[in-house]
Amino acid sequence: MKPRAFVLTGSFLVICRAPLYLRELSRRGLRILVVTPASWREQALAQMRDPSHPASVIEEIAFTDGDVNTDNSFTAGVISGVRAWRDRYDIAGVYAVGETLVEPTGLLADALGLPSPGLRATRACRSKYLQRWYLPEFSPASVVVPPAARATFSAAGVSFPAVVKPASRHSSSGVETVRDPAELRAQLDAYLPHETVLVEEKVTGQEFSVESLVQDGRVVFASVTRKETTESGTRTFVELSHSVPNELDGVNEVILDANRRMLERLAFGSGIAHAEWRVDGAGRTYLMEVAARTPGDGLSILYSLATGVPMEPEIIRIALGEPAAYPAPRRYARQVYLEHEPGLLGDVTVDWPGISPAWVGEGGLWPEIEPGAPDDPPTLRAVLVLKDRGAELGPLRSSDDRAVTFLIDAPTPAELDELEMRVRHAVRIHTLAPEPAGARM
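Owing to the predicted nature of the structure, the values given are computational and were not obtained by experimental measurement.

### Regarding the overall build of the protein chain
Logical step 1: Scanning the protein chain from N- to C-terminus turns up 12 helices and 20 strands.
Logical step 2: The globule rule puts the C-alpha radius of gyration for 441 residues at 22 Å, and the 22 Å found for the protein chain is close to it.
Logical step 3: Out of the 441 residues in the protein chain, the part that is buried amounts to 54%.
Logical step 4: Here the protein chain carries 46 positive and 58 negative side-chain charges, and the mean point of each set is 4 Å from the other.

This is how it looks when you write it as structure tokens:
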């Protein structure tokens with residue numbers, strides 16, 4: 001009899017930063033097989049040999065070459081790696097933890113007859129222009145600019161300000177506001193030669209996300225998260241905070257209704273969807289983008305703090321075809337990313353009883369953050385430093401540029417707001433001026 005196994009796909013770092021997936025699969029006695037980009041080979045093999053590392057429970061890893069900014073570049077390598085496993089294991093489930101391999105993971109599940117979001121959803125969720133194609137009723141006015149058309153693209157039909165987006169990137173990379181035809185031309189010329197670009201109407205309004213657990217096309221859990229970004233002060237859209245659940249009145253019903261209809265249009269089968277929405281002054285909902293994988297940043301932690309239970313075991317249940325459920329939030333939780341002065345990161349200090357900053361760096365694991373009781377007082381759970389000492393801190397152009405974040409929760413929205421202000425005053429990011437060129441010669 002072949003041993004039962006489960007395939008996780010995505011960036012090796014993202015998989016390890018979600019150790020509850022590994023722990024749940026190991027608890028069930030399933031062999032854990034991982035598909036990840038080949039750039040992680042050296043680190044992954046070393047950490048699999050470390051008994052103290054979450055990766056030590058992984059049975060095998062298949063490494064695949066590709067470029068995250070190029071459509072379908074990973075697919076052949078993923079299929080090649082998993083074909084050998086299909087002969088040796090009884091594969092009971094597959095799941096894309098991160099963005100990188102969502103589409104080929106959909107192909108794996110389809111061929112193996114396993115629960116997944118489905119071919120339409122996994123393809124469209126990796127392409128901003130396909131989302132505009134399938135979901136016109138939720139889309140701002142937009143134009144798709146293929147690589148060969150960029151040089152001759154005319155701004156004659158574009159209303160400014162506009163937003164320019166590379167169609168296959170993630171983490172807000174390359175998304176910029178442009179104010180006139182000259183800025184639009186400069187931005188189009190800045191993308192990689194092979195990238196397809198969207199030029200869109202700029203939607204003004206509060207931004208939200210919806211995290212949905214879907215099983216056999218039925219939404220078993222959905223909750224609205226309120227977001228803040230750098231948009232008000234810059235041309236970029238880097239996320240600066242997530243609040244779970246949304247406490248603003250009058251929007252949850254309209255957002256959740258639009259989200260349900262969006263999932264139906266995509267024929268979303270089984271899995272988790274992370275959809276980003278804006279609501280304009282007239283109350284119309286616009287889909288910014290949707291992903292078919294675990295939400296990024298600390299959103300999974302926030303839902304654990306807000307509900308008291310982790311989401312990851314339920315996602316595994318969905319991937320295995322078992323009945324799943326998830327409770328409504330009972331507290332209010334928030335993650336805040338602090339802005340910083342440009343320079344070299346010297347230190348981060350926290351003036352808070354019992355809390356020291358956790359220096360996790362760009363490639364390190366986040367500490368596990370346990371939820372408290374429903375009646376806990378407002379609580380600072382963690383302060384995380386996402387860069388190493390001496391790292392150069394610059395403008396926030398993408399999510400990867402953020403350096404320090406903290407996570408808090410409270411019984412009420414007012415208490416959460418007050419706690420955020422207190423923590424902001426307690427955390428200090430100390431930057432140093434970079435040494436002049438040639439100073440060490």
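### Regarding the sheet that holds strand S1 (residues 4-9)
Logical step 1: Read from one edge to the other, the open sheet built from four strands follows the order S3-S2-S1-S4, with strand pairing classed as parallel. Pairing within the sheet leaves two strands with one partner each, and these edge strands are strand S3 (58-64) and strand S4 (90-96). With strand direction ignored, the average angle separating the axes of adjacent strands in the sheet is 20°.
Logical step 2: Of the pairings in the sheet, the one linking S1 to S4 comprises six bridges and is parallel in character.

### Quick word on the packing of helix H4 (residues 75-88) against helix H5 (residues 102-112)
Logical step 1: Closest axis-to-axis distance for the H4/H5 pair is 9 Å, and the angle between their directions is 35°. The two elements H4 and H5 meet at a crossing, and its hand is right-handed. Listed contacts from H5 to Thr75, Val78, Ile79, Val82 and Arg86 of H4 are Pro104, Leu107, Leu108 and Leu112.

### Description of the nonpolar core
Soluble globular proteins tend to bury their nonpolar side chains together.
Logical step 1: Membership of the largest hydrophobic core comes to 55 residues, with the highest contact counts inside it found for Phe6, Leu8, Ile58 and Leu213.
Logical step 2: In contact with leucine 8, not counting residues within four places along its chain, are Ile15, Tyr21, Leu22, Leu25, Ile32, Leu33, Val34, Val35, Tyr95 and Val97.
Logical step 3: Formed by 26 residues, the second largest nonpolar core is a distinct cluster that contains Cys125, Leu130, Val224 and Leu266.

### So, helix H3 (residues 41-48)
Logical step 1: When H3 is considered as a whole, its buried residues turn out to be Ala44, Gln47 and Met48. Down the axis of H3, the buried side of the element spans an arc of 105°, and every buried residue falls inside it.
Logical step 2: Residues of H3 that are buried in the fold lie against helix H1 (12-16) and S3.

### Some thoughts on the packing of helix H2 (residues 19-27) against helix H11 (residues 312-319)
Angle between the axes and distance between the axes: these two values describe a pair of packed helices.
Logical step 1: Running from N to C, H2 and H11 point in directions that differ by 55°, and their axes come no closer than 9 Å. If you check the angle between H2 and H11, you find them oblique. As for the relative orientation of H2 and H11, their crossing is right-handed in sense. Where H2 approaches H11, its residues Leu20, Tyr21, Glu24 and Leu25 are matched on the opposing element by Glu312, Pro313, Ile315 and Ile316.

### Focus: empty space enclosed by the protein
Logical step 1: One pass over the full model with this rule turns up three cavities of 30 Å³ or more.
Logical step 2: Put simply, the largest cavity is a space of about 150 Å³.
Logical step 3: Along its surface, the largest cavity is lined by 18 residues, and Val94, Tyr95, Ala96, Ser116 and Pro117 are the ones closest to its centre.
Logical step 4: Contributing elements (two or more residues each) for the lining of the largest cavity: S4, H5, strand S12 (271-279) and H11.
Logical step 5: Looking at the lining of the largest cavity element by element, the count peaks at four residues for H5.
Logical step 6: Taken together, the residues of the lining of the largest cavity sort by class into 12 nonpolar, six polar and no charged.
Logical step 7: Size it by volume and the second largest cavity reaches roughly 110 Å³.
Logical step 8: The wall of the second largest cavity is formed by 13 residues, among which Thr70, Asn72, Thr100, Glu103 and Arg126 lie closest to the centre.
Logical step 9: Here the residues of the lining of the second largest cavity are counted per class, giving three nonpolar, five polar and five charged.

### Details of H11
Residues that lie three or four places apart on an α-helix share one face, since the helix turns once every 3.6 residues.
Logical step 1: Burial of H11 is extensive: seven of the eight residues sit out of reach of the surface.
Logical step 2: The set of residues buried in H11 consists of Glu312, Pro313, Glu314, Ile315, Ile316, Ile318 and Ala319.
Logical step 3: One or two residues past the end of H11 sits glycine 321, with phi positive at roughly 80°.

### What to know about the environment of threonine 177
Logical step 1: Tracing the backbone through its elements, the reader meets threonine 177 in strand S7 (residues 176-178).
Logical step 2: Linking threonine 177 and valine 254, residues 77 residues apart in sequence, is a C-alpha distance of 27 Å.
Logical step 3: There is a polar contact of 3.3 Å between the side chain of threonine 177 and the side chain of lysine 202.

### Some details on the packing of aromatic side chains
Logical step 1: Within this structure, the stated rule accounts for five aromatic pairs.
Logical step 2: Ring centres of phenylalanine 221 and tyrosine 326 lie 4.9 Å apart, and the angle between their planes is 85°; on these two criteria the pair is classed as edge-to-face. Residue phenylalanine 221 is found in strand S10 (residues 218-229), and its partner tyrosine 326 is found in the loop between H11 and strand S14 (332-338); the two are separated by 105 residues along the sequence. Considered together, phenylalanine 221 and tyrosine 326 belong to a single accessibility category, that of buried residues.
Logical step 3: Cluster of aromatic residues (ring-pair linked, three or more members): Phe221, Tyr303 and Tyr326.
Logical step 4: Taking the ring centre of tryptophan 359 as reference, the NZ or CZ of arginine 389 above it sits at 3.9 Å.
Logical step 5: The side chain of arginine 402 reaches across the aromatic face of tyrosine 337, ending 3.6 Å from its centre.

Thresholds applied
- Residues numbered from 1 in each chain as written.
- Predicted model: local features only at pLDDT ≥ 70, side-chain atom pairs only at ≥ 80, totals over all residues.
- Heavy atoms only, no water.
- Helix = DSSP H or I, 4+ residues; strand = E, 2+ residues; numbered from the N terminus.
- Rg over C-alpha atoms; globule rule 2.2 N^0.38 Å.
- Buried < 20%, exposed > 50% of the residue type's maximum accessible area, 1.4 Å probe, protein only.
- Lys, Arg positive; Asp, Glu negative; His and termini not counted.
- Charge placed at Lys NZ, Arg CZ, Asp CG, Glu CD.
- Pairing = 2+ DSSP bridges.
- Axes fitted to C-alpha atoms, helices over the stretch in contact; angles between N-to-C directions.
- Left-handed = near helix turned anticlockwise from the far one by under 90°.
- Contact = heavy atoms within 4.5 Å.
- Core = buried A, V, L, I, M, F, W, Y, C linked by side-chain atoms within 4.5 Å.
- Arc of directions from axis to C-beta.
- Parallel < 35°, antiparallel > 145°, perpendicular 65-115°, else oblique.
- 1 Å grid on protein atoms, 1.4 Å probe; cavity = no way out; pocket = protein on both sides within 12 Å on 5 of 7 lines; lining within 4 Å.
- Points joined across faces, edges and corners; volume = space filled by probe spheres on them.
- Nonpolar A, V, L, I, M, F, W, Y, C, P; charged D, E, K, R; others polar.
- Polar contact = N/O pair within 3.5 Å; in protein donor to acceptor, adjacent residues only side chain to side chain.
- Phe/Tyr/Trp six-rings, centres within 6.5 Å; stacked < 30°, edge-to-face > 60°.
- Lys NZ or Arg CZ within 6 Å of the ring centre and 35° of its normal.

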